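Commentary on secondary and tertiary structure
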Amino acid sequence: MKPKSFSQASNHFEGDFTEAETICPSCGGKAKITQAHVDVAFFYEVLLVTVKCEKCNLKLSDVINMKFGKPVRFTLQVKDLKDLTSKVIRSATSTIRIPELNALLEPGPAAQPFITNVEGVLYRFLDAAQTLKNWSTTPQQAKKCQQAIQSIQMAIEGRMNFTIILEDPFGNGMIIPQNQEKIKIEELSEEEASKLKTGSYIILRPGKAREILRQED
Ligand SMILES: [Zn+2]
(Lines give C-alpha, C1' and ligand atoms only; values in the text may rest on other atoms or scores of the structure.)
Protein backbone atom coordinates (compact mmCIF):
# COMPACT_ATOMS: atom_id res chain seq x y z
CA MET A 1 0.00 0.00 0.00
CA LYS A 2 1.42 3.34 -1.00
CA PRO A 3 1.03 6.02 1.65
CA LYS A 4 -0.91 9.21 1.18
CA SER A 5 1.17 12.06 -0.07
CA PHE A 6 1.03 15.53 1.39
CA SER A 7 -1.04 16.87 -1.50
CA GLN A 8 -3.51 13.99 -1.43
CA ALA A 9 -3.92 14.40 2.30
CA SER A 10 -4.67 18.08 1.89
CA ASN A 11 -7.88 17.23 0.02
CA HIS A 12 -9.35 16.13 3.33
CA PHE A 13 -9.18 19.59 4.82
CA GLU A 14 -11.80 21.20 2.61
CA GLY A 15 -14.47 23.05 4.52
CA ASP A 16 -12.27 24.06 7.43
CA PHE A 17 -9.83 26.53 6.01
CA THR A 18 -9.36 30.28 5.87
CA GLU A 19 -7.80 32.38 3.17
CA ALA A 20 -6.29 35.86 3.47
CA GLU A 21 -3.96 38.24 1.72
CA THR A 22 -0.36 38.60 2.75
CA ILE A 23 2.92 39.94 1.45
CA CYS A 24 5.22 37.59 -0.42
CA PRO A 25 8.38 36.92 1.66
CA SER A 26 10.37 36.63 -1.55
CA CYS A 27 9.34 39.54 -3.81
CA GLY A 28 7.07 41.67 -1.61
CA GLY A 29 4.16 41.21 -4.00
CA LYS A 30 0.58 40.30 -3.17
CA ALA A 31 0.27 36.71 -1.97
CA LYS A 32 -2.47 34.46 -0.66
CA ILE A 33 -2.12 32.61 2.62
CA THR A 34 -4.41 29.69 3.41
CA GLN A 35 -4.68 27.89 6.72
CA ALA A 36 -6.40 24.55 7.22
CA HIS A 37 -6.94 22.60 10.41
CA VAL A 38 -5.61 19.07 10.30
CA ASP A 39 -7.40 16.56 12.47
CA VAL A 40 -4.58 14.46 13.91
CA ALA A 41 -5.47 13.52 17.49
CA PHE A 42 -7.62 14.99 20.21
CA PHE A 43 -4.92 16.87 22.08
CA TYR A 44 -2.99 18.24 19.11
CA GLU A 45 -3.89 21.23 17.01
CA VAL A 46 -2.12 21.25 13.69
CA LEU A 47 -2.45 23.81 10.92
CA LEU A 48 -1.48 23.32 7.33
CA VAL A 49 -0.35 26.69 5.99
CA THR A 50 0.26 27.53 2.34
CA VAL A 51 1.47 30.76 0.79
CA LYS A 52 1.09 31.39 -2.95
CA CYS A 53 2.42 34.51 -4.66
CA GLU A 54 0.66 35.80 -7.76
CA LYS A 55 3.66 37.83 -8.86
CA CYS A 56 6.68 35.51 -8.59
CA ASN A 57 4.85 32.15 -8.32
CA LEU A 58 6.47 31.33 -4.98
CA LYS A 59 4.67 28.46 -3.28
CA LEU A 60 5.41 27.49 0.30
CA SER A 61 3.71 25.11 2.64
CA ASP A 62 4.33 23.95 6.15
CA VAL A 63 2.63 22.31 9.09
CA ILE A 64 2.44 24.13 12.40
CA ASN A 65 1.79 22.59 15.78
CA MET A 66 -0.23 25.24 17.62
CA LYS A 67 0.12 23.66 21.06
CA PHE A 68 3.84 22.97 21.32
CA GLY A 69 6.34 25.28 19.66
CA LYS A 70 9.43 24.21 21.64
CA PRO A 71 12.46 22.23 20.42
CA VAL A 72 11.44 18.58 20.63
CA ARG A 73 12.57 15.02 19.99
CA PHE A 74 10.17 12.10 19.44
CA THR A 75 11.66 8.59 19.65
CA LEU A 76 9.40 5.69 18.63
CA GLN A 77 10.30 2.01 18.98
CA VAL A 78 8.80 0.17 15.99
CA LYS A 79 8.27 -3.50 16.82
CA ASP A 80 5.21 -4.65 14.91
CA LEU A 81 2.96 -3.86 11.95
CA LYS A 82 0.67 -1.72 14.08
CA ASP A 83 3.59 0.57 14.99
CA LEU A 84 4.13 1.16 11.25
CA THR A 85 0.75 2.90 11.15
CA SER A 86 1.79 5.53 13.73
CA LYS A 87 1.32 8.99 12.27
CA VAL A 88 4.31 11.14 11.24
CA ILE A 89 3.93 14.87 10.66
CA ARG A 90 7.04 16.35 9.15
CA SER A 91 7.35 20.12 9.06
CA ALA A 92 9.83 21.98 6.86
CA THR A 93 12.26 22.09 9.80
CA SER A 94 11.98 18.45 11.00
CA THR A 95 14.88 16.00 10.87
CA ILE A 96 13.95 12.30 10.69
CA ARG A 97 16.45 9.53 11.47
CA ILE A 98 16.30 5.74 11.50
CA PRO A 99 19.71 4.72 12.93
CA GLU A 100 19.27 0.98 12.20
CA LEU A 101 18.83 1.79 8.48
CA ASN A 102 21.40 4.61 8.36
CA ALA A 103 18.54 6.72 7.03
CA LEU A 104 18.44 10.48 7.48
CA LEU A 105 16.06 13.12 6.17
CA GLU A 106 17.16 16.68 6.91
CA PRO A 107 15.55 20.02 6.12
CA GLY A 108 16.52 21.47 2.76
CA PRO A 109 15.11 22.61 -0.58
CA ALA A 110 14.21 19.03 -1.60
CA ALA A 111 12.59 18.11 1.72
CA GLN A 112 8.92 19.01 1.65
CA PRO A 113 6.59 18.91 4.63
CA PHE A 114 4.33 15.86 4.70
CA ILE A 115 1.76 14.02 6.75
CA THR A 116 2.04 10.26 6.52
CA ASN A 117 2.73 7.25 8.75
CA VAL A 118 5.93 5.36 9.62
CA GLU A 119 5.38 3.08 6.62
CA GLY A 120 5.12 6.17 4.40
CA VAL A 121 8.46 7.44 5.72
CA LEU A 122 10.03 4.07 4.88
CA TYR A 123 8.67 4.28 1.31
CA ARG A 124 10.32 7.69 0.94
CA PHE A 125 13.65 6.23 2.06
CA LEU A 126 13.10 3.28 -0.31
CA ASP A 127 12.54 5.65 -3.25
CA ALA A 128 15.71 7.57 -2.32
CA ALA A 129 17.76 4.34 -2.09
CA GLN A 130 16.43 3.17 -5.47
CA THR A 131 17.31 6.50 -7.07
CA LEU A 132 20.83 6.33 -5.59
CA LYS A 133 21.19 2.79 -6.92
CA ASN A 134 20.21 3.94 -10.42
CA TRP A 135 22.80 6.70 -10.25
CA SER A 136 25.61 4.56 -8.83
CA THR A 137 28.71 4.43 -10.96
CA THR A 138 30.54 1.46 -9.41
CA PRO A 139 29.42 -2.12 -8.60
CA GLN A 140 30.36 -1.49 -4.94
CA GLN A 141 28.02 1.53 -4.75
CA ALA A 142 25.21 -0.41 -6.39
CA LYS A 143 25.73 -3.31 -3.95
CA LYS A 144 25.59 -0.97 -0.95
CA CYS A 145 22.35 0.58 -2.23
CA GLN A 146 20.87 -2.87 -2.84
CA GLN A 147 21.64 -3.82 0.78
CA ALA A 148 19.93 -0.64 1.98
CA ILE A 149 16.90 -1.41 -0.21
CA GLN A 150 16.63 -4.91 1.28
CA SER A 151 16.83 -3.59 4.85
CA ILE A 152 14.14 -0.97 4.19
CA GLN A 153 11.90 -3.62 2.60
CA MET A 154 12.31 -5.82 5.68
CA ALA A 155 11.30 -2.87 7.86
CA ILE A 156 8.23 -2.19 5.67
CA GLU A 157 7.16 -5.83 6.01
CA GLY A 158 7.49 -5.67 9.80
CA ARG A 159 10.36 -8.16 9.89
CA MET A 160 12.77 -5.85 11.66
CA ASN A 161 12.70 -3.79 14.87
CA PHE A 162 13.89 -0.23 14.52
CA THR A 163 13.79 3.23 16.04
CA ILE A 164 12.42 6.30 14.28
CA ILE A 165 13.50 9.68 15.66
CA LEU A 166 11.97 13.03 14.70
CA GLU A 167 13.59 16.25 15.93
CA ASP A 168 12.31 19.76 15.32
CA PRO A 169 13.81 23.01 16.68
CA PHE A 170 10.37 24.69 16.43
CA GLY A 171 8.29 21.81 17.75
CA ASN A 172 6.14 21.62 14.61
CA GLY A 173 6.85 18.07 13.49
CA MET A 174 5.63 15.12 15.54
CA ILE A 175 5.10 11.39 15.76
CA ILE A 176 1.74 10.22 17.07
CA PRO A 177 2.10 6.59 18.13
CA GLN A 178 -0.43 3.78 18.00
CA ASN A 179 0.91 2.67 21.36
CA GLN A 180 1.76 5.44 23.84
CA GLU A 181 4.13 3.14 25.75
CA LYS A 182 6.53 2.95 22.81
CA ILE A 183 7.15 6.67 22.41
CA LYS A 184 9.49 8.98 24.28
CA ILE A 185 8.93 12.75 23.92
CA GLU A 186 11.73 15.03 25.15
CA GLU A 187 12.15 18.76 25.08
CA LEU A 188 15.55 19.58 23.58
CA SER A 189 18.05 21.87 25.26
CA GLU A 190 19.03 25.04 23.41
CA GLU A 191 22.40 23.49 22.65
CA GLU A 192 20.85 20.34 21.15
CA ALA A 193 18.38 22.41 19.14
CA SER A 194 21.10 24.67 17.75
CA LYS A 195 22.92 21.61 16.35
CA LEU A 196 19.95 20.64 14.19
CA LYS A 197 20.06 21.61 10.56
CA THR A 198 17.24 23.87 9.54
CA GLY A 199 18.20 24.50 5.93
CA SER A 200 17.02 27.72 4.40
CA TYR A 201 13.52 28.11 5.68
CA ILE A 202 10.68 30.50 5.96
CA ILE A 203 8.63 30.44 9.14
CA LEU A 204 4.94 30.78 8.60
CA ARG A 205 3.06 32.08 11.60
CA PRO A 206 -0.67 31.78 11.45
CA GLY A 207 -2.94 34.19 13.27
CA LYS A 208 -3.91 37.82 13.04
CA ALA A 209 -0.46 39.20 12.34
CA ARG A 210 0.12 36.72 9.49
CA GLU A 211 3.74 37.33 10.12
CA ILE A 212 6.17 35.67 7.79
CA LEU A 213 9.80 35.48 8.78
CA ARG A 214 12.49 34.57 6.38
CA GLN A 215 15.63 32.90 7.64
CA GLU A 216 18.64 31.94 5.59
CA ASP A 217 21.35 29.56 6.73
ZN1 LIG B 1 6.47 36.78 -4.76
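Residues numbered from 1 in each chain as written. Predicted model: local features only at pLDDT ≥ 70, side-chain atom pairs only at ≥ 80, totals over all residues. Heavy atoms only, no water.

**Digging into the side chain of Thr-50**
- As for its placement among the helices and strands, Thr-50 is situated in strand β3 (residues 46-53).
- Here Thr-50 is in contact with Lys-32, Ile-33, Thr-34, Lys-59, Leu-60 and Ser-61, once residues within four sequence places are set aside. (Helix = DSSP H or I, 4+ residues; strand = E, 2+ residues; numbered from the N terminus. Contact = heavy atoms within 4.5 Å.)

**Re helix α3 (residues 139-156)**
- Compared with the 26 Å implied by 1.5 Å per residue over 18 residues, the 26 Å span of α3 between its first and last C-alpha is a close match.
- Looking at α3, one finds that the buried residues are Cys-145, Ile-149, Ile-152, Ala-155 and Ile-156. Relative to the axis of α3, the buried residues are bounded by an arc of 120 degrees and lie together on one face. Away from its buried face by more than 90 degrees, α3 exposes Pro-139, Gln-140, Lys-143 and Lys-144.
- On its buried side, α3 packs onto α2 (118-135) and β10 (162-168).
- Two residues or fewer after α3 comes Gly-158, characterised by a positive phi angle close to 75 degrees. (Expected span 1.5 Å × (residues − 1). Buried < 20%, exposed > 50% of the residue type's maximum accessible area, 1.4 Å probe, protein only. Arc of directions from axis to C-beta.)

**A look at unusual backbone geometry**
- Despite not being glycine, Asn-57 has its phi angle at roughly 65 degrees, a positive value.
- Taking the relative accessible area as the measure of exposure, Asn-57 reaches 66% and is therefore exposed.

**Details of the pairing of strand β7 (residues 95-98)**
- Alignment of β7 against β10, held across 3 bridges, turns out to be antiparallel. Looking at β10, one finds that Ile-96 is bridged to Leu-166.
- Pairing of β7 with strand β8 (residues 103-105), which is carried by 3 bridges, proceeds in the antiparallel orientation. By the bridge assignment for β8, Ile-98 is matched with Ala-103.
- Where β7 folds back on β8, the antiparallel hairpin that results is connected by 4 residues, among which Asn-102 adopts a positive phi of roughly 55 degrees. (Pairing = 2+ DSSP bridges.)

**Topic: the confidence of the model for the protein chain**
- Mean pLDDT over the protein chain stands at 82; residues scoring 70 or higher make up 82%.
- Here residues 1-15 is modelled with pLDDT under 50, and outside its nearest four sequence neighbours on either side it reaches 26 contacts, counting other chains as well.
- Low pLDDT, under 50, characterises residues 206-217; the predicted model gives this stretch 34 contacts beyond four residues in sequence or across chains.
- Both confidence scores are given for the complex: pTM 0.79, ipTM 0.98. (pLDDT = per-residue confidence, 0-100.)

**Regarding the sheet that holds strand β2 (residues 30-38)**
- Pairing is antiparallel across the open sheet formed by 4 strands, whose spatial order is β1-β2-β3-β4. Each end of this open sheet is capped by a strand with a single partner; those strands are β1 (17-23) and β4 (59-65). The sheet shows a mean angle of 20 degrees between the axes of neighbouring strands, taken without regard to direction.
- Pairing geometry for β1 and β2, over 7 bridges, is antiparallel. The partner of Ile-23 across the bridge, within β2, is Lys-30. (Axes fitted to C-alpha atoms, helices over the stretch in contact; angles between N-to-C directions.)

**Some points on the coordination of the zinc ion**
- Distances from the zinc ion to its protein donors, Cys-24 (SG), Cys-27 (SG), Cys-53 (SG) and Cys-56 (SG), fall at 2.3 Å.
- Coordination at the zinc ion is tetrahedral, judged from the 4 donor atoms that bind it and the angles of 105 to 113 degrees they form at the metal. (Donors = N, O, S within 2.8 Å, 3.2 Å for Na, K, Ca; no water. Tetrahedral: all angles 85-135°; square planar, octahedral: opposite > 155°, others 65-115°.)

**What to know about the layout of surface pockets**
- For the second largest pocket, the calculated volume is near 570 Å³.
- The wall of the second largest pocket is formed by 19 residues, among which Leu-101, Asn-102, Ala-129, Leu-132 and Ala-148 lie closest to the centre.
- Elements that contribute at least two residues to the lining of the second largest pocket include exactly β8, α2 and α3.
- In terms of residue count, α3 provides more of the lining of the second largest pocket than any other element does, 7 residues in total.
- Among the residues forming the lining of the second largest pocket, the class breakdown is 11 nonpolar, 5 polar and 3 charged. (1 Å grid on protein atoms, 1.4 Å probe; cavity = no way out; pocket = protein on both sides within 12 Å on 5 of 7 lines; lining within 4 Å. Points joined across faces, edges and corners; volume = space filled by probe spheres on them. Nonpolar A, V, L, I, M, F, W, Y, C, P; charged D, E, K, R; others polar.)

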